[in-house]
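Now for the letters of each chain:
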Amino acid sequence: MTIKHWCIALSLIIGISSCSKNEETITDNEGLLPKPTAAFTTQIVDPKDPFTIKFINSSTNAVQSRWSFDDDSTSSESSPTHTFLNTGVYNVKLISLNEEGYWAQREETVSILPTSLVELIATRSGTNLHMSYNTSMAVSKTNWFIKRGNSNYQKHAETASMLLDINPGEFVNAYVELITPKGSKTRLDMLLMASGVVKDLTTFENEFSVSHENNGGKENSEGSLKLIDNNINSKFLNSNLDQIGYTFHWQFEYFQPQVINAYTMTTGNDAPGRDPKNWDMLASNDGVTWVTLDSKDDFIFPTTGGPNNNGRTVTHTFTYNNTTPYSFYRLRVRAVGSGTLFQMAEFRMLQLPY
């Protein structure tokens, strides 16, 4: 007997967001019993435990259920209750079978996101920055970690809040890890300065584009997407600058206007002459009329620091005064140090407290 299956797409919301995959429906006229369907809904068992979810099976004409939770866990219960141990995005699958072996499958993407569970709070306390959080979930343990400069993360506190002394102009990487009574973990990463939390808006609700792409395309190993992949060990390489008049740009078009008042550049792994020398940060609300927020001329990146103390793969932060939200931001490169190649390992768009 030929085994056939059919599936139905469904939209599902777990926590803050989720989505479904569309799957093809297949039917035939073989067999005597009605074909099975696969369907389920979800319910958070306890608001204080958003990691534990009840999967309510609403399949029809089925005698067996096979669940896969995308975290190396499975179940054969009809309507199982499952606890995820980490925040993340999980593709949950249900296969329903009837007595003749016909089956139907439903797949849903369940998202349990740190930002939907925890709100960070930053306040000044004398010369210190006081960090705490709000959450409705039960927390049995809190760990704060910080990282200064090129050092590794070190545990800073095991309390519900922490005090941190930050020098003016200094940036400190940090994260907080919250553990529930069942052992589920959520982690929120943050970039801190003396006045509060810095927001990284590089990939937040925008469309990223470049005026001139790498010869291999944006997804190439040195394509433009490497510029914003949050990995300083990859890079964007733009060649043949002499053929495009040397000037080119990359652009962020935000779905809603945002205030950007800082950015970072991380130098590429080789050839300092490929670093930008002259550039402008431009902003616009219509993509036609632009204002200049920041400019650099004859800038030379330091030749020290980094893994090999040669100035390579080192992140530099540039700040400027801006409190106006714009829809378009454009970094225009007017010249590189030397030659006809441009490279950069990473570029980030930041909103400093203002």
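Quick caveat: nothing in here was measured; it's all calculated off a predicted structure.

A word on the overall build of the protein. Secondary structure assignment for the protein yields 1 helix and 27 strands. C-alpha extents for the protein along the principal axes are approximately 80 × 55 × 40 Å. Here the protein, with 354 residues, has 44% of them falling under the buried criterion. For the protein, restricting intrachain contacts to residue pairs at least 6 apart in sequence, the fraction spanning at least 24 positions comes to 65%. About 17,500 Å² of surface is accessible on the protein, with carbon and sulfur atoms providing 47% of the total. Computed over 28 positive and 37 negative side-chain charges, the separation of the two mean positions in the protein equals 4 Å.

With that settled, the discussion passes to the pairing of strand β4 (residues 49-57). Most of β4 is tucked away, with 7 of its 9 residues classed as buried. The pairing of strand β3 (residues 40-46) with β4 spans 6 bridges and is classified as antiparallel. Across the sheet, residue Thr 41 finds its bridge partner in β4, namely Ile 56. Linkage of β3 to β4, two consecutive antiparallel strands, is achieved through a turn of 2 residues.

Before going further, it helps to examine the sheet that holds strand β10 (residues 118-125). Spatially, 3 strands are ordered β10-β11-β14 in an open sheet, and the strand pairing comes out antiparallel. Single-partner strands in this sheet number two, and they are β10 and β14 (162-165). When strand polarity is set aside, the average angle formed by the axes of neighbouring strands in this sheet is 30°. Sheet analysis places β10 next to strand β11 (residues 128-135), joined by 8 bridges and oriented antiparallel. When the sheet's bridge partners are listed, Ala 122 is paired in β11 with Met 131.

The full count for this structure, using the stated rule, is 13 salt bridges. For the salt bridge of Asp 294 with Lys 296, the shortest nitrogen-to-oxygen distance reads 3.0 Å. Of the two residues, Asp 294 and Lys 296, neither departs from the other in class, the shared state being buried.

For the largest pocket, the calculated volume is near 1,800 Å³. Lining the largest pocket are 44 residues, with Asn 173, Met 190, Leu 191, Asp 200 and Leu 350 sitting closest to its centre. Mapped by element, the contributors of at least two residues to the lining of the largest pocket are α1 (114-117), β10, β15 (172-179), β16 (185-193), β17 (196-200), β21 (262-266), β24 (315-319) and β27 (346-351). The class makeup of the residues in the lining of the largest pocket is 20 nonpolar, 16 polar and 8 charged.

Counting residues in hydrophobic clusters, the biggest one holds 34 residues, and the most contacted among them are Phe 55, Phe 84, Val 92, Trp 144, Met 162 and Leu 192. Every element with two or more residues in this core is listed here: β4, β8 (88-97), β9 (103-112), β11, β12 (141-148), β14, β15 and β16. Here the element with the most residues in this core is β15; it accounts for 4 residues. Setting aside its immediate chain neighbours within four residues, Phe 84 contacts Phe 51, Ile 53, Phe 55, Phe 69, Asp 71, Tyr 90, Val 92, Ile 112 and Ser 184.

In this section: the environment of Trp 67. Among the secondary structure elements, Trp 67 is positioned in strand β5 (residues 64-68). Owing to a relative accessible area of 2%, Trp 67 belongs among the buried residues under this scheme. Separated by 186 residues in sequence, Trp 67 and Glu 253 place their C-alpha atoms 41 Å apart. Only 2.9 Å separates the side chain of Trp 67 from the backbone oxygen of Glu 77, close enough to count as a polar contact.

Before going further, it helps to spend a moment on the side chain of Gln 251. Position of Gln 251 among the secondary structure elements: in strand β20 (residues 248-258). Overall, Gln 251 belongs to the buried group, its relative accessible area being 10%. At 2.6 Å, the side chain of Gln 251 forms a polar contact with the side chain of Arg 330.

A few words on the sheet that holds β24. Within the open sheet, the 8 strands sit side by side as β13-β12-β15-β16-β17-β27-β21-β24. Their pairing is antiparallel. The open sheet terminates on both sides in strands that have one partner only, identified here as β13 (154-157) and β24. Averaged over all pairs of adjacent strands, the angle between strand axes in this sheet comes to 35°, irrespective of strand direction. Of the strand pairs in this sheet, β12 and β15 are connected by 8 bridges, and their pairing is antiparallel. Of the residues in β15, the one forming a bridge with Asn 143 is Glu 177.

All right, on to the confidence of the model for the protein then. A low pLDDT means the predicted coordinates there should not be read in detail. For the protein, per-residue confidence averages 90 on the pLDDT scale, and 91% of positions sit at 70 or higher. With pLDDT under 50 throughout, residues 1-27 is counted as low confidence; its partners more than four residues away or in other chains account for 67 contacts.

With respect to the helices and strands, Ser 284 occurs in strand β22 (residues 276-284). Using a relative accessible area of 1% as the deciding quantity, one classes Ser 284 as buried. Spatially, the C-alpha atoms of Ser 284 and Arg 330 are 8.5 Å apart, while their sequence positions differ by 46 residues. Once residues within four sequence positions are removed from consideration, Ser 284 is found in contact with Thr 289, Trp 290, Tyr 326, Ser 327 and Phe 328. For Ser 284, the side chain forms a polar contact with the side chain of Asp 286, separated by 2.9 Å. At 2.7 Å, the side chain of Ser 284 and the backbone oxygen of Thr 289 are in polar contact.

So, how was this worked out
Every chain is numbered independently, its residues counted from 1 as its sequence is written. For a predicted model such as this one, the threshold for reporting local features is a pLDDT of at least 70, and the threshold for listing and counting side-chain atom pairs is 80 or more; totals across whole chains, interfaces and linings nevertheless cover every residue. Side-chain metrics in this entry use all non-hydrogen atoms of the structure; hydrogen atoms and water are not considered. The helix count covers DSSP runs of H or I at least four residues long, the strand count covers runs of E at least two residues long, and both are numbered beginning at the N terminus. Under the scheme applied here, a residue whose accessible area is under 20% of the maximum for its type counts as buried, over 50% as exposed, and between as partly exposed, the area being computed with a 1.4 Å probe on protein chains only. Note on contacts: a residue pair is in contact if any heavy atoms of the two residues lie within 4.5 Å. Here the accessible surface of atoms and residues is derived via Shrake-Rupley with a 1.4 Å probe, and residues count as covered only by protein chains that are part of the display. Under the convention used here, Asp and Glu are negative, Lys and Arg are positive, and both His and the chain ends fall outside the count. Taken as the charge centre is NZ of Lys, CZ of Arg, CG of Asp or CD of Glu, depending on the residue. At least two DSSP bridges between two strands are needed for those strands to be called paired. As a rule, the C-alpha atoms of each element are fitted with a line to give its axis, helices using only the stretch in contact, and angles between N-to-C directions run from 0 to 180 degrees. We define a salt bridge as a contact between a side-chain nitrogen of Lys or Arg and a carboxyl oxygen of Asp or Glu at a distance within 4 Å. Within this scheme a cavity is a closed region of a 1 Å grid, computed over the protein atoms alone, that accommodates a 1.4 Å probe without allowing it to escape, whereas a pocket is open but has protein on both sides within 12 Å along at least five of seven lines; lining residues each have an atom within 4 Å of a point. Grid points are joined across faces, edges and corners, and a volume is the space filled by probe spheres set on the points. In this count, Pro and Cys sit with the nonpolar residues alongside Ala, Val, Leu, Ile, Met, Phe, Trp and Tyr, while Asp, Glu, Lys and Arg are called charged and the others, Gly among them, polar. For the purposes of this section, nonpolar cores are sets of buried Ala, Val, Leu, Ile, Met, Phe, Trp, Tyr and Cys residues that join through side-chain atoms within 4.5 Å. Polar contact criterion, stated in full: a pair of N or O atoms within 3.5 Å, where within protein one must be able to donate a hydrogen and the other to accept it, and residues adjacent in sequence count only if both atoms are side-chain atoms. Note: pLDDT gives the predictor's confidence per residue, expressed from 0 to 100.

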